[in-house]
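Coordinate inspection notes
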Amino acid sequence: MAEPDSEAAEVPLYLRVAAALREDLTQRRISPGSRLPSERSLSQHYHVNRQTVRSALQLLREEGLVVTDRRGTFAAEEAEPEPSAPALTARRPTFPGGPRAAGALVRASLTWEPPPTPLAARLLLTPGEPTLVHRHTVLGPHGAALQRAVSWFSRPALAEIPQLSRYRRGRDCRQQPDLRLLYHWMHRAGLRITHRESVGVPPTAAATTEGGTARLVVHRVVSDQHGHALEITDIDFSAQSASWTYEFSA
């Protein structure tokens, strides 16, 4: 792997290895059905330890890009389309900023803190009650922040989604968490989710960056089949230097 710059160095090694392998898989430099190099070979190639390689492969397994059996790890075979499936299907939704943000260099963190007072009731929390908060920044090639997002999770989300519940009360909260499969986790938990998003322009005084670039803000509420909010996210991005793409299917 190339020598990382100061920003990339903050990204965990397993995410960098996963990103490199994902690129090879999606660009078919590793053909569907073919066997990946051994963990030992990958660790030598990327100059990381084998546990880092294992974590990267586990992430790719969760994304359905590779499968592992007693023979080793293989690039997933392309599934045959269902006869009744439409010609165009939506990609799996990616939290928090869509496929492009998911593939970019990011900084992320999880904390346990009270949400803003106006959001507490929407999240089924009492005023001042802490909850899980996810902060996510997409960085440009030169390290500039192109997109910032902050997400607050509700009491039902923490109760119903096992992958989130392990972070209760700050336990196991860490820098650079990987929540890209959040909506997949919701689906696996039996939640039928809907989302509502509004896009706007910040107040005049805050409508541009220091460099004069226009800004837009997105407010997203993801709810379950009972109308309970699961996640409330605010996204702020530079309209001229970053695109905001969100693909979603329930």
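Attention in this report is confined to the structure presented alongside it.

Criteria and cut-off values
- Throughout, a residue's number is its position along its own chain's written sequence, starting from 1.
- Note on the predicted model: pLDDT of at least 70 is required for a residue's local features to be given, and 80 or more for side-chain atom pairs to be given and counted; whole-chain, interface and lining totals, by contrast, use all residues.
- Excluding hydrogens and water, the side-chain figures rest on all heavy atoms present in the structure.
- By definition, any uninterrupted DSSP run of H or I lasting at least four residues is a helix, any uninterrupted run of E lasting at least two residues is a strand, and each is numbered from the N terminus.
- Think of it in three bands: with a 1.4 Å probe and only protein chains considered, a residue is buried below 20% of the maximum accessible area for its type, exposed above 50%, and partly exposed in between.
- Residue-level accessible areas treat just the shown protein chains as cover; the underlying method is Shrake-Rupley with a 1.4 Å probe.
- Here an axis means a line fitted to C-alpha atoms, over the contact stretch when the element is a helix, while the angle between two N-to-C directions is reported on a 0 to 180 degree scale.
- An angle counts as roughly parallel when it lies under 35 degrees, as roughly antiparallel when it exceeds 145, as roughly perpendicular when it falls between 65 and 115, and as oblique in every other case.
- Two residues form a contact once any of their heavy atoms are found within 4.5 Å.
- Following the grouping adopted for this structure description, the nonpolar residues are Ala, Val, Leu, Ile, Met, Phe, Trp, Tyr, Cys and Pro, the charged ones are Asp, Glu, Lys and Arg, and the polar ones are all others, Gly among them.
- Left-handed is the label given to a crossing in which the near helix is rotated counterclockwise from the far helix by less than a right angle, and right-handed is the label when the rotation is clockwise.
- One bridge is not enough; two strands pair if DSSP finds at least two bridges between them.
- Put simply, a salt bridge is a Lys or Arg side-chain nitrogen that is within 4 Å of an Asp or Glu carboxyl oxygen.
- The nonpolar core is taken to be a set of buried Ala, Val, Leu, Ile, Met, Phe, Trp, Tyr and Cys residues, with the residues joined through side-chain atoms within 4.5 Å.
- What a helix is expected to span follows from its residue count: subtract one and scale by 1.5 Å.

**A word on the overall build of the protein chain**
The number of helices and strands found in the protein chain is eight helices and eight strands. For the protein chain, with 250 residues in total, the buried portion stands at 43%. Entry remark: accessible area of the protein chain is about 13,900 Å², with carbon and sulfur atoms responsible for 50%.

**A word on unusual backbone geometry**
Positive phi, close to 60°, is recorded for arginine 28, a residue that is not glycine. Inspection of the secondary structure puts arginine 28 in the loop between α1 (13–26) and α2 (39–46). Positive phi is not limited to glycine here, since histidine 47 has a value of about 60°. Looking at the secondary structure, you find histidine 47 in the loop between α2 and α3 (50–62). The exposure class assigned to histidine 47 is exposed, which follows from its relative accessible area of 64%.

**Some thoughts on the packing of α2 against α3**
Running from amino to carboxyl end, α2 crosses α3 at an angle of 105°, the nearest separation of the two axes being 9 Å. Between α2 and α3, the interaxial angle falls into the category roughly perpendicular. Contacts between α2 and α3 involve Glu39, Arg40, Leu42 and Ser43 on the former and, on the latter, Arg50, Val53, Arg54 and Leu57. Of the residues in the contact of α2 with α3, the class split is three nonpolar, one polar and four charged.

**Focus on the packing of α1 against α3**
Following both chains from N to C, one finds α1 and α3 inclined at 50°, their axes separated by 8 Å at the closest point. Between α1 and α3, the interaxial angle falls into the category oblique. α1 and α3 meet at a crossing whose hand is right-handed. Counted together, Leu13, Tyr14, Leu15, Val17, Ala18, Leu21, Arg22 and Leu25 of α1 and Thr52, Ser55, Ala56, Leu57, Leu59 and Leu60 of α3 form the full contact between these two elements. When its residues are assigned to classes, the contact of α1 with α3 shows eleven nonpolar, two polar and one charged.

**Remarks on the pairing of strand β7 (residues 215–223)**
In the sheet, strand β6 (residues 194–200) pairs with β7 via seven bridges, with the strands oriented antiparallel. Opposite serine 198, over in β7, you have histidine 219 as the bridge partner. Between the antiparallel neighbours β7 and strand β8 (residues 229–238) lie five residues, among them glycine 227 with a positive phi of about 85°.

**Considering the pattern of salt bridges**
For the coordinates displayed, the defined rule picks out ten salt bridges. Where aspartate 69 meets arginine 71, a salt bridge forms, and the shortest distance between an N and an O atom there is 2.8 Å. What makes aspartate 69 partly exposed here is its relative accessible area of 34%. We note a salt bridge from glutamate 129 to arginine 155, for which the minimum N-O separation is 2.8 Å. Here arginine 155 lies in helix α6 (residues 155–160) and glutamate 129 lies in the loop between α5 (117–120) and β4 (131–139), a separation of 26 residues in the sequence. The exposure class of glutamate 129 is buried, given its relative accessible area of 15%. It is possible to trace a salt-bridge network through shared partners that takes in Glu23, Asp24 and Arg29.

**With respect to the nonpolar core**
Ranked by internal contacts, the top residues of the largest apolar core, which has 19 residues, are Phe153, Leu164, Leu179, Leu182 and Met186. When residues in this core are grouped by element, the largest group, four residues, is from helix α8 (residues 182–188). In contact with leucine 182, other than residues within four places in its own chain, are Phe95, Phe153, Leu164 and Glu231. Ranked by size, the runner-up nonpolar core spans 18 residues in total, among them Ala18, Leu25, Tyr46 and Leu57.

**Concerning α1**
For α1, spanning 14 residues, the distance from its first C-alpha to its last is 20 Å, which sits close to the expected 20 Å at 1.5 Å a residue. Those residues of α1 that fall on the buried side of the exposure criterion are Tyr14, Leu15, Arg16, Val17, Ala18, Leu21, Arg22 and Leu25. Residues of α1 that are buried sit in contact with α2, α3, β1 (66–69) and β2 (72–75). Following α1 by one or two positions, arginine 28 adopts a phi angle in the positive range, close to 60°.

So, to be careful, I would describe these as geometric facts and stop short of saying anything about function.
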